[in-house]
Amino acid sequence: MNSFHFNFEPGDGTRYDLVCTHSPYGGLLVICNESSLWRYHKGDVLKFLCGVNNEWTKRAIWNHLEAEGIE
C-alpha cells in the first residue's frame, strides 16, 4: 500500500498538508492538516468523513489531487 504526502499553497494565502493512502474499500483516504478525513475517487467524488468540514478545504484538496493525477 503506497502513501503520498503533499504540502502545498493554492495561491489564496492558505497552506495544506495532505497525507494520502489507498483505502481498502477503493479510492484514497486523505488526512488534511490533521483536522479532517476525506475519501477521494479520481474524477468522481471527494467525500467528507470526519473532523472539520470546510468547503474551501474540500475545493483545495479536490483541485490538487485532480491536478496530480493520483489514483
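Refer to the structure printed above.
Colleague: An account of unusual backbone geometry is needed here, citing residue identities and associated values.
Modeller: Residue N33 is not a glycine yet carries a positive backbone phi of 50°. Within the element layout of this structure, N33 appears in the loop between β3 (28-32) and β4 (36-41). With a phi angle near 55°, E34 is a residue other than glycine that sits in the positive phi range. One can find E34 in the loop between β3 and β4. Residue E34 is classed as exposed on the basis of its relative accessible area, which comes to 75%.

Colleague: Explain the pairing of strand β5 (residues 45-51) residue by residue, including any values.
Modeller: Where β4 and β5 come together, six bridges link them in antiparallel fashion. By the bridge assignment, W38 is partnered in β5 with F48. Linkage of β4 to β5, two consecutive antiparallel strands, is achieved through a turn of three residues, within which G43 is found at a positive phi near 70°.

Colleague: Lay out the pattern of salt bridges with the relevant residues and their values.
Modeller: Close approach of charged atoms lets side chains of opposite charge pair. Tallying each qualifying case throughout the model produces two salt bridges. Here R15 makes a salt bridge to E9, at a shortest N to O gap of 2.7 Å. Each member of the pair, R15 as well as E9, is classed as exposed. Two residues, R59 and E55, come together in a salt bridge whose shortest N-O distance is 3.5 Å. Within this pair, R59 and its partner E55 are both found in helix α1 (residues 55-68), separated by four residues, close to a single helical turn. We classify R59 as partly exposed; its relative accessible area is 42%.

Colleague: Would you mind going over the packing of aromatic side chains in detail, with residue names and values included?
Modeller: Tallied over the full model, the rule gives three aromatic pairs. Centroid distance F8 to Y16: 5.4 Å. Interplanar angle 25°. Geometry classified as stacked. You can call F8 buried: its relative accessible area is 10%. A centroid spacing of 5.7 Å and a plane angle of 70° characterise the contact between Y40 and W62, whose relative ring orientation is edge-to-face. Of this pair, Y40 sits in strand β4 while W62 sits in helix α1, and the two are 22 residues apart along the sequence. For W62, a relative accessible area of 24% puts it in the partly exposed group. The ring of W56 has R59 sitting right over it, with the charged end atom 4.6 Å from the ring centre.

Procedures and definitions
- Residue numbering note: each chain is counted from 1, following its sequence as written.
- Local features in this predicted model are restricted to residues of pLDDT 70 or higher, and side-chain atom pairs are both shown and tallied only at a pLDDT of 80 or more, whereas totals for entire chains, interfaces and linings draw on every residue.
- Note: side-chain values were computed over all heavy atoms of the structure, leaving out hydrogens and water.
- In this description a helix means any DSSP run of H or I spanning at least four residues, a strand means any run of E spanning at least two, and both kinds are numbered starting from the N terminus.
- Only protein chains enter the accessibility calculation, which uses a 1.4 Å probe; a residue whose area is less than 20% of its type maximum is buried, one above 50% is exposed, and one in between is partly exposed.
- Two strands are said to pair when DSSP picks up at least two bridges between them.
- One speaks of a salt bridge when a side-chain nitrogen belonging to Lys or Arg is within 4 Å of a carboxyl oxygen belonging to Asp or Glu.
- Think of it this way: a Phe, Tyr or Trp ring, Trp meaning its six-membered ring, pairs with another when their centres are within 6.5 Å, and the plane angle makes it stacked under 30 degrees, edge-to-face over 60, tilted otherwise.
- Comment: the charge-over-ring label is applied if NZ (Lys) or CZ (Arg) is within 6 Å of the ring centre and within 35 degrees of the ring normal.

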